[in-house]
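What follows is the residue order along each chain.
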Amino acid sequence: MARWCYRHRLVVLLLWVGALFGLGVTASGAGTNYAEVFSLPNTDSKQAYDLMRKAFPERAGDTDTVVWKVDEGTVRDEAVRSRMEAALAEIGRMEGVGAVAGPYAGQGAAQISEDGRIAYAQVTFAEQADAVPKALVQDVVDTAQEPAGDGLQVELGGQAITRVQEPPTGTAELVGILAAAVVLFVAFGSLFAMLLPLVVAVFGVGTGMFGTQLISHVTDVPELASLLATLIGLGVGIDYALFIVTRHRRGILRGMDPEEAAVTALNTSGRAVLFAGGTVCIALAGMLVTNLRFLDGVVIGTSLTVVLSVLAAVTLLPALLGLLGHRVLSRRQRRRLEAAGPHGETVGGLAARWSATVQRRPRAVAALAVVLMAALAVPLLSLRLGTVDQGNDDASTTTRQAYDLLAEGFGPGFNGPLQVVVDGEAPAGLVRAVEDTEGVAQVAAAPPAGGVTVIQVVPDTSPQDVETDRLIDTLREDVIPAAGVEAHVGGVTAVSKDFAAVTGDRLPLFVGTIIGLGFLLLLLAFRSLVVPLTAAVMNLLAAAASFGVLVMVFQWGVGLDVLGLGEEGPIAAFLPIIMLSLLFGLSMDYQVFLVSRMHEEWVHTRDNARAVRVGLAETSRVINSAALIMVCVFLAFVLSGDYGAAMAGVGLAAAVALDAFVLRTALVPAVMHLLGRANWWLPAALEKRLPHLAVEPKEDAGAPATAPAEGAPDGAASVVHGFVRTPEGEPVRGAAVTLLTPGGRQLDRVVSLADGAYIVAVPAPGTYLLAVTASPYGSRAAHVTVADGPYVHDVELTPGGVDVVN
């Protein structure tokens with residue numbers, strides 16, 4: 001497939017361009033039909049909602065609030081009343097506004113605060129918030145705020161109003177892409193190579209987003225799905241292309257033809273991308289076990305975007321590589337390739353030094369990593385799930401100020417009243433009992449309608465306050481049963497509490513499902529029980545630490561002012577399931593790319609220490625680059641203007657950063673060094689029964705430093721490996737290591753890596769001559785006798801030394 005896409009690159013490019021624009025035009029013409037399906041079966045608030053719908057059919061449009069306050073006098077003063085009545089009348093005449101209920105009519109006296117300084121009016125639109133034209137909402141805001149001034153403050157709150165104070169659509173995505181471009185340019189040093197992952201991500205996310213819009217017309221998809229699909233699509237699309245382009249460039253530097261390099265890259269890293277994309281989709285599909293209906297659409301939208309991003313990486317990317325040819329390298333690399341010829345990629349610098357440090361001090365590295373992760377996870381103990389509302393908006397926004405004015409004039413609980421819904425007529429004893437309950441500020445019982453009575457209950461505390469949760473429990477467990485009637489507690493605040501409880505109850509099943517599926521996939525891929533077990537523990541550590549960071553920032557308020565994210569509050573109840581799905585999927589990506597290289601080295605050498613060291617040294621840079629890109633993309637969603645999206649972005653950014661920079665590059669290799677050969681243990685009975693799944697096959701060209709010699713046994717191939725060092729223990733990079741027969745015929749020749757490591761392949765057991773030379777250290781040679789397994793032979797070079805073997 002990669003070869004066909006490479007050779008027919010114009011056809012592939014035109015197909016993708018046609019698909020993107022075709023889906024875009026179709027989606028634009030059809031519009032969106034997002035549906036906020038929210039069902040909590042077998043909960044008290046759901047039963048209250050069903051009774052309310054029976055008695056009071058829901059209104060068609062969204063209801064928003066205009067709130068005003070005077071510095072002196074009262075809102076009843078003629079100067080204030082005339083100005084506000086004129087503004088409300090003009091709003092009522094606007095096309096698209098269904099009704100305006102102000103405080104100055106006969107039934108509106110309750111809409112004025114006791115001190116007379118604050119009042120509110122309710123504006124009901126003809127459509128739900130998402131369908132109300134932005135221009136109409138802006139006209140309502142401008143008209144309502146026109147009388148403001150001279151001691152009169154006017155603010156507006158509600159879902160429709162929120163839309164006009166959001167930053168322009170695409171701001172977060174654009175910032176994320178620009179940040180990713182900077183990281184890619186630093187990593188590749190080439191403008192064309194930098195553009196490749198961005199183009200692939202744009203095509204994957206674009207087709208996924210338009211496809212999700214079209215699917216919303218045939219099934220229930222919440223608007224949240226589009227946002228999360230963009231979030232995850234940008235991250236994985238750029239990362240997957242980054243892995244493939246890195247392998248492709250490595251092949252060209254080794255002297256391969258660009259076409260062969262592309263085919264090899266897709267047949268190696270491309271396989272890992274397919275596997276990693278599959279694990280992300282499986283982790284996302286784990287949300288289905290929670291049986292929360294609104295998550296079904298989230299699974300559809302995000303999984304579709306991931307699938308299309310993977311498809312773009314394995315079809316569109318080889319076509320783009322064909323268009324670029326050698327230009328995928330930087331100018332300096334092309335000049336060096338032309339002047340000096342092919343050369344193997346050497347791993348040096350910080351990656352090699354860090355890998356050697358982890359090998360020398362695995363206990364210290366592991367201890368530091370565990371202490372850091374545990375410290376960050378401590379705040380998780382105070383996690384409280386709830387619902388984000390406009391009280392969490394930034395203090396400068398009109399929605400937040402309207403929220404605060406209503407709380408000031410009518411009490412903190414006014415923004416989240418409870419409804420005690422009685423099937424039948426409410427007895428007077430129940431109303432009195434509710435009034436006498438601690439934590440209740442106001443009670444108003446409406447006349448029965450449709451055989452249902454609604455008692456409006458305003459708590460003393462805000463909707464997000466833990467005391468409000470306790471009041472709901474008291475009403476349900478004590479007050480209503482004592483009255484001996486059938487009644488249920490509903491309202492937005494009660495629904496939020498029930499949703500948090502249901503989510504918490506189903507979270508263990510969800511976590512167990514995705515951990516179990518991930519364990520099984522890694523077991524098949526790496527033929528080991530310990531590797532998937534380690535990955536499962538690391539995923540749980542990453543989840544705990546990242547949620548600890550979320551609690552610190554959003555629940556405790558640490559750094560909220562810096563991020564410009566408004567007021568602290570509970571963690572959104574939907575976030576744990578969605579965030580854990582994405583986190584486990586992305587963690588599996590990094591685990592696959594890291595351990596697949598270690599596994600390849602283990603198969604060749606049967607030396608665990610070398611396998612872990614080489615795997616970490618060769619993959620840590622690309623994993624860290626990929627993680628840095630994801631962190632930039634996720635953090636950019638702080639700019640989206642959506643508090644929930646910002647919460648998800650910060651949480652995922654923290655999770656990816658901790659997973660890549662602490663777990664995969666420190667704790668995982670340190671633990672694998674400590675476990676030794678046990679990392680690769682698999683009972684013989686399982687080995688025989690498990691199907692084989694090759695994540696990343698061996699490259700069949702250009703890798704003499706790790707591939708066994710022709711004819712060497714598979715798995716237990718005879719090799720000689722070790723380090724080239726100075727008498728002071730410093731590694732010697734670039735030393736030529738040659739394996740010869742006793743008669744002098746060359747069998748294999750490699751160059752030592754930055755950490756001094758080398759490996760040469762031996763065709764069969766026997767005695768051979770190993771010669772090592774490096775300027776200015778001279779040369780050294782020795783006879784080595786190789787038996788059935790790998791042979792370790794370290795070499796010490798001294799300046800000017802020559803060692804002759806007779």
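These numbers come from a predicted model, not from an experiment. (Residues numbered from 1 in each chain as written. Predicted model: local features only at pLDDT ≥ 70, side-chain atom pairs only at ≥ 80, totals over all residues. Heavy atoms only, no water.)

A few words on helix H5 (residues 134-145). Its 12 residues give H5 an end-to-end C-alpha distance of 17 Å, which sits within 8% of 16 Å, the value for a rise of 1.5 Å per residue. For H5, the set of buried residues is Leu136, Val137, Val140, Val141, Thr143 and Ala144. For H5, the secondary structure elements touched by its buried residues are strand E1 (63-70), helix H4 (78-92), strand E2 (97-101), strand E3 (118-125), strand E4 (152-157) and helix H6 (159-164). (Helix = DSSP H or I, 4+ residues; strand = E, 2+ residues; numbered from the N terminus. Expected span 1.5 Å × (residues − 1). Buried < 20%, exposed > 50% of the residue type's maximum accessible area, 1.4 Å probe, protein only. Contact = heavy atoms within 4.5 Å.)

Another aspect to go through is a nonpolar patch on the surface. A contiguous nonpolar patch, built from Phe185, Leu191, Phe192, Leu195 and Val199 and spanning about 410 Å² of accessible area, is present on the exposed surface. Ranked by the residues each element gives to the nonpolar patch, the list is headed by helix H8 (residues 191-215), at 4 residues. Tracing the chain through its elements places Leu195 in helix H8. Residue classification places Leu195 among the partly exposed positions, given a relative accessible area of 35%. (Patch = residues over 30% accessible without salt bridge, like charges linked within 9 Å, V, L, I, M, F, W, Y side chains within 5 Å. Areas by Shrake-Rupley, 256 points an atom, 1.4 Å probe, with all protein chains shown as cover. Salt bridge = Lys/Arg side-chain N within 4 Å of Asp/Glu carboxyl O.)

The next subject is the packing of aromatic side chains. All chains considered together, the criterion is met by 6 aromatic pairs. Considering the side-chain rings of Trp602 and Trp680, the 5.8 Å spacing of their centres and the 15 degrees angle between planes classify their relative orientation as stacked. Within this pair, whereas Trp602 is found in helix H21 (residues 575-605), its partner Trp680 is found in the loop between helix H23 (643-675) and helix H24 (684-689), the two being separated by 78 residues in sequence. For the pair Trp602 and Trp680, one class covers both residues: buried. Members of the aromatic cluster, each reached through a chain of ring pairs, are Tyr120, Phe410 and Phe414. The aromatic ring of Tyr6 is capped on one face by Arg9, whose charged end is 5.3 Å from the ring centroid. Stacked on the ring of Phe192, the Lys or Arg Arg327 has its end atom at 5.6 Å from the ring centre. (Phe/Tyr/Trp six-rings, centres within 6.5 Å; stacked < 30°, edge-to-face > 60°. Lys NZ or Arg CZ within 6 Å of the ring centre and 35° of its normal.)

The periodicity of an α-helix, 3.6 residues per turn, causes residues three or four places apart in sequence to face the same way. Here helix H2 (residues 9-30) is 22 residues long and its end C-alpha atoms lie 31 Å apart, about the 32 Å a rise of 1.5 Å per residue gives. Those residues of H2 that sit buried are Val12, Trp16, Leu20, Gly24 and Ala27. Mapping the buried residues of H2 onto a view down its axis gives an arc of 95 degrees, with all of them on the same face. Opposite its buried face, H2 presents the exposed residues Leu10, Leu14, Leu15, Phe21, Val25 and Gly29, each directed more than 90 degrees away. (Arc of directions from axis to C-beta.)

Low pLDDT means the predicted atomic positions in that stretch should not be read closely. Overall, the prediction assigns the chain a mean pLDDT of 82, with 91% of residues at 70 or greater. Across the chain, the element-wise mean pLDDT spans from 74 in helix H20 (residues 560-563) up to 94 in helix H14 (residues 362-377). Contacts for the low-pLDDT stretch residues 698-717, under 50 throughout, to residues beyond four places or in other chains number 43 contacts. Predicted confidence is poor over residues 801-806, with pLDDT under 50, and the contacts of this stretch with residues over four places away or in other chains come to 12 contacts. (pLDDT = per-residue confidence, 0-100.)

Across the sheet, which stays open at both edges, the 4 strands sit in the order E2-E3-E1-E4 with antiparallel pairing between neighbours. Each edge of the open sheet is held by one strand with a lone partner, namely E2 and E4. Strand-to-strand twist of the sheet, defined as the mean angle between neighbouring strand axes without regard to direction, takes the value 20 degrees. Examined bridge by bridge, E1 and E4 share 6 bridges and lie antiparallel to one another. Along E4, the bridge assignment pairs Trp68 with Val154. (Pairing = 2+ DSSP bridges. Axes fitted to C-alpha atoms, helices over the stretch in contact; angles between N-to-C directions.)

Enumeration over the complete set of coordinates arrives at 13 salt bridges. Of the charged contacts, one joins Arg3 and Glu259 as a salt bridge, the two residues approaching to 3.1 Å between their closest N and O atoms. Note that Arg3 is positioned in helix H1 (residues 2-7) and Glu259 in helix H10 (residues 258-285), a separation of 256 residues in sequence. On the accessibility criterion, Arg3 (28% relative accessible area) is partly exposed. On the accessibility criterion, Glu259 (14% relative accessible area) is buried. Between Asp498 and Arg476 there is a salt bridge whose closest N-O contact spans 2.8 Å. Here the residue Asp498 occupies a position in helix H18 (residues 492-526), and Arg476 occupies one in helix H17 (residues 466-483), the gap between them amounting to 22 residues.

The subject of this paragraph is the environment of Ala544. If you trace the backbone, Ala544 turns up in helix H19 (residues 530-555). Of the residues examined, Ala544 reaches a relative accessible area of 19% and is grouped as buried. Residues Ala544 and Thr212, spaced 332 residues apart in sequence, show a C-alpha to C-alpha distance of 31 Å. Residues within four places of Ala544 in sequence aside, it is in contact with Leu376, Ala377 and Leu380.

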